[in-house]
Amino acid sequence: MSVAFAGNSTTGPSREAGPLRVMVVDDSVVIRGLISRWIGAEHDMEVAASLRTGLEAVNQLERINPDVAVLDIEMPELDGISALPQLLAKKRDLVVIMASTLTRRNAEISFKALSLGAADYIPKPESTREASAADIFHHDLIQKIRHLGARLRRRAAVASPPLVPASPAPLVREAARAAAPAPAVHAAPSLSLTTRPFSLQVPKVLLIGSSTGGPQALMTLVADLGPVIDRFPVLITQHMPPTFTTILAEHLARASRRPSSEATDGEPVKPGRIYLAPGGKHMRVARNGMDTVIALDDGPAVNFCKPAVDPLFTSAIDIWHGNILSVILTGMGSDGMRGGKDIVAAGGSVIAQDEATSVVWGMPGAAANAGICAAILPLNQIAAKVNRLFAGDRA
């Protein structure tokens, strides 16, 4: 899967100033009202429209001309997955965030939506009366709208000639890989980024952390990591809820052509397979006699995330010491940066995905700006570098 931007026309220039215009499309009046209130309370976004069906969204898109659409999957007349390609055909730079409840069917549809051009997805709580679930939904939705909308603005600014009002150049949605350069949201980069030498210790484990845009990036990465997976354990934390991680593990197995599954508590960690942190649990590693095993943790969120990357990274040091290679892929926030610092201090190495190929350059940008990375690479160059490092190449 890859985030793609497909379509044959557009509905006018994307705004480079002023609040982000958000179109909320959901057949539930409660959800529409809730999301609309949240958006209305933010200084940098506004509700452009609140609609009940996908058909209304398609028919009114030119008039509304939103920057971002929050699109429910299950709706009468025209559901979200059917409306998605029609919306993108009319406005190819529209940022679409799919919203769905946590069912296997909806998780599978959300993954399909990513391949059709949706920018991201967000799980809706089963009941908005559950305060903690509603708070997480609120936080995640606003952050996704803000960061993905900012990416749209940056693209428009790069595409438009300076000092001359103009429509953004056409954006091409790439349906095969997530490796094509595209300006992305970043974490306030320094004027110059410095890298450090790779560790002289040959890695014995590969750790990967990712968030927004991660599923697509992970598919690209693991497809070319066969030599590493066959000889070393690979552990991944992707910010993702339950059920979604089950589906992601299946996609990773198909992409890598290697065993991949959600990790289970107490499971031995061995070469030849991919271990994915299950949604709603932190994944760590621990010793059990002579064996290294998975240790799942139901503790509080870390960096607003559960699972989080930092717990995996820091726990691995007690097992593999400096023989660790960690990769931080696209994602919001800074999760993985602190754990990456600890890995580097222990003698290991960190690779970050570069800004141009990240959907959101938050997590990798934080690591890059912290000066802990031995390399900052485009997505389509990371696998080759990882393969060489595990083969003993330190260059």
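These remarks concern the structure in this document. For every chain, the first residue of the written sequence is number 1, and numbering continues from 1 along that sequence. Reporting of local features is limited, given that this is a predicted model, to residues whose pLDDT is at least 70; pairs of side-chain atoms are given and counted only at 80 or more, and all residues count toward the totals for whole chains, interfaces and linings. The basis for every side-chain value is the complete set of heavy atoms in the structure, and neither hydrogens nor water enter the calculation.

Overview of the packing of aromatic side chains
For any pair of aromatic rings, geometry is given as the distance between the ring centres together with the angle between the planes.
Line of reasoning, step 1. Classification of ring pairs uses Phe, Tyr and Trp, with its six-membered ring standing for Trp, and accepts pairs whose centres are within 6.5 Å; under 30 degrees between planes counts as stacked, over 60 as edge-to-face, and the remaining range as tilted. As enumerated under the stated definition, the model contains 4 aromatic pairs in all.
Line of reasoning, step 2. Measuring from centroid to centroid gives 5.5 Å for Trp-38 and Phe-137, while their planes differ by 70°, and the two rings are edge-to-face. With Trp-38 in helix H1 (residues 29–40) and Phe-137 in helix H5 (residues 131–159), this residue pair connects regions lying 99 residues apart in the sequence. For the pair shown, Trp-38 and Phe-137 are each scored as buried. Here a helix means four or more residues in a row that DSSP labels H or I, a strand means two or more in a row labelled E, and each is numbered from the N terminus. Here the term buried applies to any residue with accessible area under 20% of the maximum for its type, exposed to any over 50%, and partly exposed to those in between, with areas from a 1.4 Å probe on protein chains only.

Comments concerning the pairing of strand E8 (residues 234–238)
Line of reasoning, step 1. With respect to burial, E8 is a largely interior element, 5 of its 5 residues being buried.
Line of reasoning, step 2. Judged by which residues are buried, E8 turns out to be covered on both faces: Val-234, Ile-236 and Gln-238 on one side and Leu-235 and Thr-237 on the other are all buried.
Line of reasoning, step 3. DSSP calls a pair of strands paired once it identifies at least 2 bridges connecting them. With 5 bridges connecting them, strand E7 (residues 205–210) and E8 associate as parallel partners. Across the sheet, Ile-208 pairs through a bridge with Ile-236, a residue of E8.
Line of reasoning, step 4. Sheet topology note: the E8/strand E10 (residues 274–276) ladder contains 3 bridges and is parallel. Residue pairing across strands places Leu-235 opposite Tyr-275, the latter belonging to E10.

Description of the side chain of Thr-212
Line of reasoning, step 1. Checked against the element boundaries, Thr-212 lands in the loop between E7 and helix H6 (214–222).
Line of reasoning, step 2. Take Thr-212: its relative accessible area is 2%, and that puts it in the buried class.
Line of reasoning, step 3. When neighbours within four sequence positions are excluded, Thr-212 is seen to be in contact with Asp-120, Lys-144, Leu-148, Thr-330, Gly-331, Met-332, Val-359 and Val-360. Only heavy atoms enter the contact rule, under which two residues are in contact if any of them lie within 4.5 Å.

Things to note about the sheet that holds strand E5 (residues 120–124)
Line of reasoning, step 1. With respect to topology, 5 strands assemble into an open sheet ordered E2-E1-E3-E4-E5, the strand pairing being parallel. Both outer strands of the open sheet, strand E2 (45–51) and E5, are each paired with one neighbouring strand and no more. On average, each strand axis in the sheet is tilted by 25° relative to the strand beside it, whichever way the strands run.
Line of reasoning, step 2. Where strand E3 (residues 68–72) meets strand E4 (residues 95–101), 5 bridges bridge the pair, whose relative direction is parallel. Within E4, the residue paired with Asp-72 across the bridge is Ala-99. An axis is simply a line fitted to the C-alpha atoms; with a helix, the fit covers only the stretch in contact. Between two such axes, the angle follows the N-to-C directions and lies from 0 to 180 degrees.

A look at the nonpolar core
Line of reasoning, step 1. Among the nonpolar cores identified, the biggest contains 64 residues, and Met-23, Leu-206, Ile-351 and Val-386 are the most heavily contacted of them.
Line of reasoning, step 2. Residue contacts for Met-23: discarding those within four places in its chain leaves Ala-49, Leu-51, Ala-57, Leu-61, Ile-64, Pro-66, Val-68, Ala-69, Val-70 and Leu-87.
Line of reasoning, step 3. Definition of nonpolar core: a set of buried residues of the types Ala, Val, Leu, Ile, Met, Phe, Trp, Tyr and Cys, connected through side-chain atoms within 4.5 Å. Core analysis: the second largest hydrophobic core is formed by 27 residues, Tyr-275, Val-285, Phe-313 and Val-344 among them.

As for unusual backbone geometry
Line of reasoning, step 1. Residues Lys-306 and Pro-307 are joined by a peptide bond in cis, for which omega reads 15°.
Line of reasoning, step 2. One can find Pro-307 in the loop between strand E12 (291–297) and helix H9 (309–320).
Line of reasoning, step 3. Of note in the backbone geometry, Arg-257 takes a positive phi value of approximately 60° without being a glycine.
Line of reasoning, step 4. Mapped onto the elements, Arg-257 comes out in the loop between helix H8 (244–256) and strand E9 (260–262).
Line of reasoning, step 5. One non-glycine residue, Asn-303, lies in positive phi territory at about 55°.
Line of reasoning, step 6. Within the secondary structure, Asn-303 sits in the loop between E12 and H9.
Line of reasoning, step 7. Accessibility expressed as a relative area gives 27% for Asn-303, which makes it partly exposed.

Some details on the sheet that holds E9
Line of reasoning, step 1. On the basis of which strands lie adjacent, the open sheet formed by 7 strands has the order E9-E10-E8-E7-E13-E14-E16 and parallel pairing. Each end of this open sheet is capped by a strand with a single partner; those strands are E9 and strand E16 (375–377). Averaged over all neighbouring strand pairs, the angle between strand axes comes to 20°, with direction disregarded.
Line of reasoning, step 2. Where E9 meets E10, 3 bridges bridge the pair, whose relative direction is parallel. Bridge assignment links Glu-262 to a residue of E10, and that residue is Leu-276.
Line of reasoning, step 3. H9 contacts E7, E8 and strand E13 (324–328) of the sheet and is inclined by roughly 170° relative to E7.

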